[in-house]
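Here is how the chains run, residue by residue.
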Amino acid sequence: MATRPTARTPHAATGHAPAAALRLCVRRAALLALAALAAGLGAPRPSAAQWPNGITIDQTPHNLTRPAKNTDPDMRNRIADFDEICVYCHAPHWGAGPTPLWNRPNPAGGYRMPEINDPDMIQDPQPTGNSVKCLSCHDGTIGLDGVIKPPITFSGPRFGQTIDECEGCHSGGNPAGGIDWEGVWLDTDLRKQHPFSVLYDPSRDPNFRSIAEVEAAGLVLYDGKVQCMTCHEPHTERYRPFLRIPRTGFCSVCHIGNPGESTAHHW
Ligand code: HEC
Ligand code: HEC
Ligand code: HEC
Ligand code: HEC
Ligand code: HEC
């Protein structure tokens, strides 16, 4: 089980030499200067640092062809360019994995599940359903390009870089490019995460709304369970970060009263 370092410095995960770090700083300084110049000229700031709030998946961080095609020296040989967005998760034709044409291996398991202080509902002992699929990238154990079947047109090497290796550089919003990765690597120790793979049963706890209310609000239960995709929809960032509904009032879709925490994941 991976232990999560408390402090991470850029390049820590990759063991890059300080020269690379220096190169990075120089590049950032140049970018900042450019940004300042652009601001001074009243031109729009360079927008490479930000993803648009994409309606379609190509405009979201789940378009992995984008980092794969990035020409920055630090980005070289990190993720295979399959030249197709869906393939990092789905195999369109080969039916390599279980429905819906899932194209990624399942992670090995051995998770520490979220710990509920005063549990009333039943949480599966290990992740189930679509949560396993999300964890096949987000727990940092399987390379982002570690799909079961790459496209037949693909002959290049694969690099097997995991999301925690990406986070080694992309932390706290640095370097520019991509998103602020703080929290994107969930790890196999899931104690800091919101409970999931839980059978949603408000009859066990008066502080929760009815199933009908939850579904009417736009959240989705899978076999009656709260899974990652109850709250998230991985194909669109209409509501960032990949949320099904806007953030306002999000928690009180299920919880009656304040669940006592301001964020769904790290507390
Ligand atoms: C980052 C991973 C990821 C990418 C990339 C991705 N999907 Fe998905 N997709 C998922 C997951 C996870 C599910 C739900 C699997 C399940 O229900 O077990 C899903 C489900 C689906 C479904 C079933 C209906 C649904 O919404 O539940 C369709 C259709 C689909 N995806 C199409 C696509 C297409 C087309 C692309 C490329 C444009 C794509 N997906 C890219 C992760 C992804
Ligand atoms: C193929 C690997 C892969 C799979 C499968 C995957 N993700 Fe991701 N996800 C990523 C990567 C990589 C990033 C960060 C990308 C970046 O910043 O460039 C990310 C980012 C995110 C973010 C942050 C987005 C933001 O705008 O801040 C959320 C939320 C997220 N994923 C949820 C999910 C959920 C939920 C699932 C399952 C339904 C899932 N992901 C499946 C690779 C994956
Ligand atoms: C050694 C440091 C380093 C590592 C490790 C790293 N990146 Fe990057 N990444 C960068 C730099 C530098 C840039 C370019 C920043 C810029 O353009 O201003 C970048 C840019 C990006 C972008 C923006 C691409 C674009 O065209 O807009 C994404 C997305 C991204 N990285 C994702 C990833 C993913 C996914 C991984 C892991 C597979 C990863 N990075 C690993 C340093 C790194
Ligand atoms: C009960 C709803 C809910 C469930 C279940 C849930 N999430 Fe989230 N998730 C959220 C919300 C809300 C945010 C935005 C939190 C914020 O920005 O304060 C979020 C943020 C994220 C992020 C962005 C990083 C961060 O912490 O800000 C990732 C990645 C993510 N979720 C992945 C997952 C995965 C993978 C699962 C399943 C193992 C999951 N989520 C289950 C509601 C949920
Ligand atoms: C889809 C329904 C749903 C949504 C939306 C939801 N939760 Fe929960 N939450 C649950 C369930 C189910 C439990 C476990 C209840 C139990 O077993 O008693 C839970 C438990 C919790 C707990 C208790 C953990 C503990 O240790 O006792 C906290 C805190 C929490 N949620 C916070 C939040 C926050 C913050 C949000 C909004 C970002 C949120 N929840 C959104 C369903 C939801």
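Because the structure is a prediction, the values reported are computed rather than measured. (Residues numbered from 1 in each chain as written. Chains lettered and ligands numbered in written order. Predicted model: local features only at pLDDT ≥ 70, side-chain atom pairs only at ≥ 80, totals over all residues.)

(A) How the structure looks around the overall build of the protein chain. Within the protein chain one finds six helices and three strands. The N-to-C order of helical and strand elements in the protein chain reads α-α-β-α-α-β-α-β-α. By sequence separation, contacts in the protein chain at least 24 residues apart represent 62% of the contacts at least 6 residues apart. (Helix = DSSP H or I, 4+ residues; strand = E, 2+ residues; numbered from the N terminus. Contact = placed C-beta atoms within 7 Å.)

(B) Spatial organisation of the sheet that holds strand E1 (residues 122-123). Strand order in this open sheet of three strands is E1-E2-E3, and the pairing throughout is antiparallel. Either end of the sheet is taken by a strand with one partner, and the two such strands are E1 and strand E3 (225-226). Alignment of strand E2 (residues 198-199) against E3, held across two bridges, turns out to be antiparallel. Across the sheet, the residue bridging to Leu 199 is Lys 225, located in E3. (Pairing = 2+ DSSP bridges.)

(C) Region of the structure containing the nonpolar core. Among the nonpolar cores identified, the biggest contains 27 residues, and Tyr 88, Cys 137, Leu 144 and Ile 163 are the most heavily contacted of them. For this core, the secondary structure elements donating two or more residues are helix H3 (130-138), helix H4 (163-167) and helix H6 (228-231). A per-element tally of this core places H3 first, with four residues. The contact partners of Tyr 88, leaving out residues within four places of it in the chain, are Leu 64, Phe 82, Leu 144 and Val 147. (Core = buried A, V, L, I, M, F, W, Y, C linked by C-beta atoms within 7 Å. Buried ≥ 20, exposed ≤ 12 C-beta atoms within 10 Å, placed from the backbone.)

(D) Spotlight on unusual backbone geometry. Note the cis peptide between Arg 240 and Pro 241, where omega equals -5°. One can find Pro 241 in the segment after H6. Phi at Ser 197 is positive, roughly 50°, even though this residue is not glycine. By the element assignment, Ser 197 lies in the loop between H4 and E2. Phi is positive for Phe 242, which is not a glycine, with a value near 55°.

(E) Just the environment of Arg 66, in detail. Summarising the element assignment, Arg 66 is placed in helix H2 (residues 65-69). Arg 66 sits in the partly exposed class, given 18 other C-beta atoms within 10 Å. Expressed as a C-alpha distance, the spacing of Arg 66 and Ile 79, which sit 13 residues apart in the sequence, is 9.8 Å.

(F) Focus on the environment of Leu 190. Secondary-structure assignment places Leu 190 in the loop between H4 and E2. With 75 residues separating them in the primary sequence, Leu 190 and His 265 have C-alpha atoms 9.4 Å apart. If sequence neighbours within four positions are ignored, Leu 190 has contacts with Tyr 111, Arg 112, Met 113 and Pro 114.

(G) Molecular detail of the environment of Asp 180. Tracing the backbone through its elements, the reader meets Asp 180 in the loop between H4 and E2. Taking the C-alpha atoms as reference, Asp 180 lies 9.1 Å from Glu 167; in sequence the two are 13 residues apart. Beyond its immediate stretch of four places on either side in the chain, Asp 180 contacts Gly 172 and Gly 173.

(H) Broad picture of H3. Counting buried positions over the nine residues of H3 gives nine, a clear majority of the element. Buried residues of H3: Asn 130, Ser 131, Val 132, Lys 133, Cys 134, Leu 135, Ser 136, Cys 137 and His 138, and no others. Buried residues in H3 make contact with H4 and H6. Two residues or fewer past H3, Gly 140 is found with a positive phi of approximately 75°.

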